[in-house]
Amino acid sequence: MRATIRPDFFLQEIAGEKILMGGGEQINFSKVLMLNNTSAFIIEELQRAGGAVAAEDMARRVAGRFEVDATEAQADVEEFFRSLARQQVADLSD
């Protein structure tokens, strides 16, 4: 599974909290997601990549950054990618 974040979303920090906001012609406040440190890291990595990132690659990055088991990181990243797709924040591919 690979994820590509849609370009009309941007990461902001407000009052010490990281949020992902839907942009476009006007800011869409119905598309505001509060992020924890791990999810903010994943979003930043997806944006930095500028294209599709494999769940396996992202899981390795997460495991290295947050000292979590690689198997657990893999399952969590895949679920987060699916969640982003359900919320129309990212596109998934095989």
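Overview of the structure.

Here is what the cut-offs are and how they apply
- Residues numbered from 1 in each chain as written.
- Predicted model: local features only at pLDDT ≥ 70, side-chain atom pairs only at ≥ 80, totals over all residues.
- Heavy atoms only, no water.
- Phe/Tyr/Trp six-rings, centres within 6.5 Å; stacked < 30°, edge-to-face > 60°.
- Helix = DSSP H or I, 4+ residues; strand = E, 2+ residues; numbered from the N terminus.
- Buried < 20%, exposed > 50% of the residue type's maximum accessible area, 1.4 Å probe, protein only.

### Topic: the packing of aromatic side chains
Next, step 1: Enumeration according to the criterion identifies 1 aromatic pair in this entry.
Next, step 2: Residues Phe41 and Phe66 carry aromatic rings whose centres are separated by 5.5 Å and whose planes lie at 85° to one another, so their mutual orientation is edge-to-face. Here Phe41 is found in helix α1 (residues 37-49), whereas its partner Phe66 is found in helix α2 (residues 55-66), with 25 residues between them in sequence.
Next, step 3: A relative accessible area of 11% means that Phe41 is categorised as buried.
Next, step 4: Under the relative-accessibility criterion, Phe66 is labelled partly exposed at 28%.

### Some details on unusual backbone geometry
Next, step 1: In the Ramachandran plot, Glu67 falls in the positive-phi region, its phi being about 50° despite a non-glycine side chain.
Next, step 2: By secondary structure assignment, the location of Glu67 is in the loop between α2 and α3 (70-86).
Next, step 3: For Glu67, a relative accessible area of 74% corresponds to the exposed category.
Next, step 4: Phi at Gln88 takes a positive value of approximately 60°, unusual for a residue other than glycine.
Next, step 5: By the secondary structure assignment, Gln88 is in the loop between α3 and β6 (90-93).
Next, step 6: Taking relative accessible area as the criterion, Gln88 reaches 46% and is therefore assigned partly exposed.

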